[in-house]
Amino acid sequence: MNKEEIIGLNWWAREKVRGFMTGLHKSPDFGFSLDFAQHRAYVPGDAPKFIDWTVLARQDKYLTKQFEAESNLRAYFLLDSSASRYGSAGAKWSCAVRQIALSAALLSKQRDALGLLDVRAGEEVLFEAKNTDDAMEQLLLHLANRCELSVGNGSMFAATERLLSQIPPRSEVIVLTDVYHEDFQAFTKQLGALVDAGHFVKLVLLVSREEELDVQFYAGSFVADAETGTKTMLSLKDAEGLNAFVGEQIQLVKEQSALYGMRYTVLEVEDNPLHSFRKIIS
């Protein structure tokens, strides 16, 4: 995906997002929406209009009504821009950018805020969560300027530490990455710390059905390491090993997500972007 295509996603996202249900979100705090939450004892100074007169007539008790507050969601994407994400034709990168564009459009319609922490080797770029059209365009412009291949991997562990210390309470964190982590258990444990801090976390794994799940794709061909450029001839056994490794990593994420109270989903980059988007927001 080139720079012009990414910038064009601003329009693409606004058009494609039509048809998704929008609306405000329930807050754990109390406010003045129409949805009744609970009673509490009346205290001097409470507005008389919130006294439950039905309870007073039946039980001779002064109780006031509390209502669920409407709140705005804050969603942060933690985007792994490491070299391994690109694949042979940038399919994973294109999939990730489209999901961010769709999310930005939907959140904007809901008056919710979108933030981004973009991670690659030696660099982290943080966009604080905002809900304006200008902020959405700045995000896409930033991604448009990130199309060049990155060499090496950024520290997702350190990026998670940064989110833990900087983002507001009760944020949603959507992690876009692939299965190629040296210590996936340590990384998912760190994501669990976000859950413990009161954030909602969803780990999204991007895989290629053609390149990583089909053992025949690489068998008998030369492949280049995305990070070092080293070329290697892969046998059928090597290709089967790659397929097994991807399966093991997905299973590990499934187990770790259950352990730490996260959600996870697997996106195959060849799928329709709207189908993938539904999996993210479900």
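The structure displayed is predicted, hence computed values, not measured ones.

## Some details on the overall build of the chain
Phase 1 of the analysis: When you go through the chain residue by residue, the secondary structure sums to eight helices and 10 strands.
Phase 2 of the analysis: Taking all 282 residues of the chain together, the buried fraction comes to 45%.
Phase 3 of the analysis: A sequence separation of at least 24 residues applies to 74% of the contacts in the chain between residues at least 6 apart.

## Focus on unusual backbone geometry
Phase 1 of the analysis: Of note, Arg170 is a non-glycine position whose phi angle comes to about 55°, a positive value.
Phase 2 of the analysis: Position of Arg170 relative to the elements: it lies in the loop between helix 5 (156-166) and strand 6 (172-177).
Phase 3 of the analysis: A relative accessible area of 48% places Arg170 in the partly exposed class.

## Structural notes on the pattern of salt bridges
Phase 1 of the analysis: Per the stated rule, a full pass over the model turns up five salt bridges.
Phase 2 of the analysis: The partner of Lys92 in a salt bridge is Glu212, and the shortest N-O contact between them spans 2.8 Å. With a gap of 120 residues between them, Lys92 in helix 3 (residues 91-109) and Glu212 in the loop between strand 7 (200-207) and strand 8 (222-224) connect regions that are remote in the sequence. In this pair, the class of Lys92 matches that of Glu212, namely buried.
Phase 3 of the analysis: A salt bridge links Glu124 to Arg162, with the nearest nitrogen and oxygen atoms 3.2 Å apart. One end of the pair, Glu124, is in strand 5 (residues 123-130); the other, Arg162, is in helix 5, with 38 residues separating them in the sequence.
Phase 4 of the analysis: With relative accessibility at 28%, the residue Glu124 sits in the partly exposed group.
Phase 5 of the analysis: The class of Arg162 is partly exposed, set by a relative accessible area of 26%.
Phase 6 of the analysis: Linked through salt bridges whose partners overlap, the residues forming this network are Lys92, Asp178 and Glu212.

## Side note on helix 6 (residues 184-196)
Phase 1 of the analysis: The first and last C-alpha atoms of helix 6 sit 18 Å apart over 13 residues, in line with the 18 Å expected at 1.5 Å per residue.
Phase 2 of the analysis: Looking at the buried positions of helix 6, the neighbouring elements they touch are helix 5, strand 6, strand 7 and helix 7 (236-260).

## Section: the confidence of the model for the chain
Phase 1 of the analysis: Per-residue confidence for the chain gives a mean pLDDT of 78, with 74% of residues at or over 70.
Phase 2 of the analysis: A low-confidence stretch, residues 10-36 (pLDDT under 50), is modelled with 73 contacts involving residues beyond four sequence positions or located in other chains.
Phase 3 of the analysis: Residue range residues 67-71 is modelled with pLDDT below 50. Its contacts to residues more than four positions away, or to other chains, number 30 contacts.

Conventions we followed
Residues numbered from 1 in each chain as written. Predicted model: local features only at pLDDT ≥ 70, side-chain atom pairs only at ≥ 80, totals over all residues. Heavy atoms only, no water. Helix = DSSP H or I, 4+ residues; strand = E, 2+ residues; numbered from the N terminus. Buried < 20%, exposed > 50% of the residue type's maximum accessible area, 1.4 Å probe, protein only. Contact = heavy atoms within 4.5 Å. Salt bridge = Lys/Arg side-chain N within 4 Å of Asp/Glu carboxyl O. Expected span 1.5 Å × (residues − 1). pLDDT = per-residue confidence, 0-100.

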